[in-house]
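Take a look at the letters that make up each chain.
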Amino acid sequence: MFTPLLLGRTLLHDSSMTSTSTFPSDLRWAPRVTEHDLGDGARVQVADRDRSQPFLLLHGGAGPASVAGFGDLLAARTRSRVFTPTHPGFDGTARPDHLDSIAALAHTYAELLERLDVWDVTVVGNSIGGWVATELALLGCPQVSGIVLIDSVGFTVPGHPVTDVSELEPADLEALVYFEADRFRAGDTRGPASGVIHANARTLAAYCGAAMSDPTLLDRTRDLELPVHLIWGAADGIVAPDYGRAVAATIAHSHFTLLETAGHLPQIESPEELLAAIQQIDL
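In this text the structure is predicted, and so the values were computed from the model without any measurement.

A. Quick look at the overall build of the protein. Counting secondary structure elements, the protein contains 12 helices and 13 strands. For the protein, with 283 residues in total, the buried portion stands at 46%. Contacts spanning at least 24 positions in sequence make up 70% of the contacts within the protein whose residues lie at least 6 apart. Within the structure as shown, the protein displays about 13500 Å² of accessible surface, and the carbon and sulfur contribution to it stands at 52%.

B. Here's a closer look at the side chain of Ser270. With respect to the element layout, Ser270 can be found in the loop between helix H11 (266–269) and helix H12 (271–280). Beyond its immediate stretch of four places on either side in the chain, Ser270 contacts Thr261 and Ala262.

C. The arrangement of a nonpolar patch on the surface in detail. A cluster of nonpolar side chains, contributed by Leu38, Val44 and Val46, occupies part of the molecular surface with about 240 Å² of accessible area. Position of Val46 relative to the elements: it lies in strand S5 (residues 42–48). For Val46, a relative accessible area of 34% corresponds to the partly exposed category.

D. Spotlight on the sheet that holds strand S6 (residues 54–58). An order of S7-S6-S8-S9-S12-S13 is seen for the six strands of this open sheet, with the pairing classed as parallel. What marks the edges here is a single partner per strand, and that holds for strand S7 (81–83) and strand S13 (254–259). When the angles between neighbouring strand axes are averaged without regard to direction, this sheet yields 20 degrees. Of the pairings in the sheet, the one linking S6 to S7 comprises three bridges and is parallel in character. Residue pairing across strands places Leu56 opposite Phe83, the latter belonging to S7. Contacting S6, S7, strand S8 (121–126) and strand S9 (144–150), helix H3 (residues 102–116) runs over the sheet at an angle of about 150 degrees to S6. Across the sheet, H12 lies against S6, S8, S9, strand S12 (228–233) and S13, angled at about 160 degrees from S13, the strand it touches most.

E. Main features of the packing of H3 against helix H4 (residues 128–138). Packing of H3 against H4 brings their axes to within 8 Å, and their N-to-C directions diverge by 65 degrees. Judged by the inter-axis angle, H3 sits roughly perpendicular to H4. As for the relative orientation of H3 and H4, their crossing is right-handed in sense. Two secondary-structure elements touch here, H3 through Ile102, Ala103, Leu105, Ala106, Tyr109, Ala110 and Leu113 and H4 through Trp131, Val132, Glu135 and Leu136. Here the contact of H3 with H4 is built from residues that sort into 10 nonpolar, no polar and one charged.

F. View of helix H8 (residues 201–208). For H8, the complete set of buried residues consists of Thr203, Leu204, Tyr207 and Cys208. Projection of H8 onto a plane perpendicular to its axis shows the buried side chains occupying an angular sector of 115 degrees, all on one side. Positioned one or two residues after H8, Gly209 has a phi angle of 75 degrees, which is positive.

Parameters at a glance
Residues numbered from 1 in each chain as written. Predicted model: local features only at pLDDT ≥ 70, side-chain atom pairs only at ≥ 80, totals over all residues. Heavy atoms only, no water. Helix = DSSP H or I, 4+ residues; strand = E, 2+ residues; numbered from the N terminus. Buried < 20%, exposed > 50% of the residue type's maximum accessible area, 1.4 Å probe, protein only. Contact = heavy atoms within 4.5 Å. Areas by Shrake-Rupley, 256 points an atom, 1.4 Å probe, with all protein chains shown as cover. Patch = residues over 30% accessible without salt bridge, like charges linked within 9 Å, V, L, I, M, F, W, Y side chains within 5 Å. Salt bridge = Lys/Arg side-chain N within 4 Å of Asp/Glu carboxyl O. Pairing = 2+ DSSP bridges. Axes fitted to C-alpha atoms, helices over the stretch in contact; angles between N-to-C directions. Parallel < 35°, antiparallel > 145°, perpendicular 65-115°, else oblique. Left-handed = near helix turned anticlockwise from the far one by under 90°. Nonpolar A, V, L, I, M, F, W, Y, C, P; charged D, E, K, R; others polar. Arc of directions from axis to C-beta.

As structure tokens, this is what we get:
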């Protein structure tokens, strides 16, 4: 039986122990051969050709509800395999003491991808989820082939500070988050309630700190080899589009897309436009 032994980005075949340079996309397109014992002496070898694109969709401070609907849309429209984890500590889940930074959370997701045994993964992150995606890419995680940053925080950009939302009233927060805040105040149920956002604030602070940024992150991304697609809502009052443009100008293999009818949560306000933007660039 053919059994691959994976070491980083090199695939070693145990039959000959010769090595070839192999990238995540090669691993995804190659058939995976397994052997199954069906009883009564019947053993069947199966070559499984899985052509689905895997996505890791990471939520921001608004919690997992803020990406759930878009995860469904992404999976249905693109026939992709979409993983949408809940960051430990959000929505009442447990957060162990050692998970006290975005970098630590990125290591957790690197371990998750290894255990899931998925390759050529595009990591899509909104807000702090984009920060996690960036740190995950900087780890050199071999399963990751590209990242999409949707109104990401985490970078320290001179002249463009991340808005401090910790003391804001719900109505003021909504005005910064949404392109059409009145529509969500009127009862649009696609987005998370402001109360939920505030309930997750303590966990958000534990991961991000008060500044919601890492002064070393922008410089560390200068030599990032993976393709990066930055997508921004034009009405984002948390991190302005010029913040995103400045980040894109720093990263070598980057592309910037502006969504005119969205704020900080395009996956809620403009899901169709966001989906089209993600499909526009082949990561």
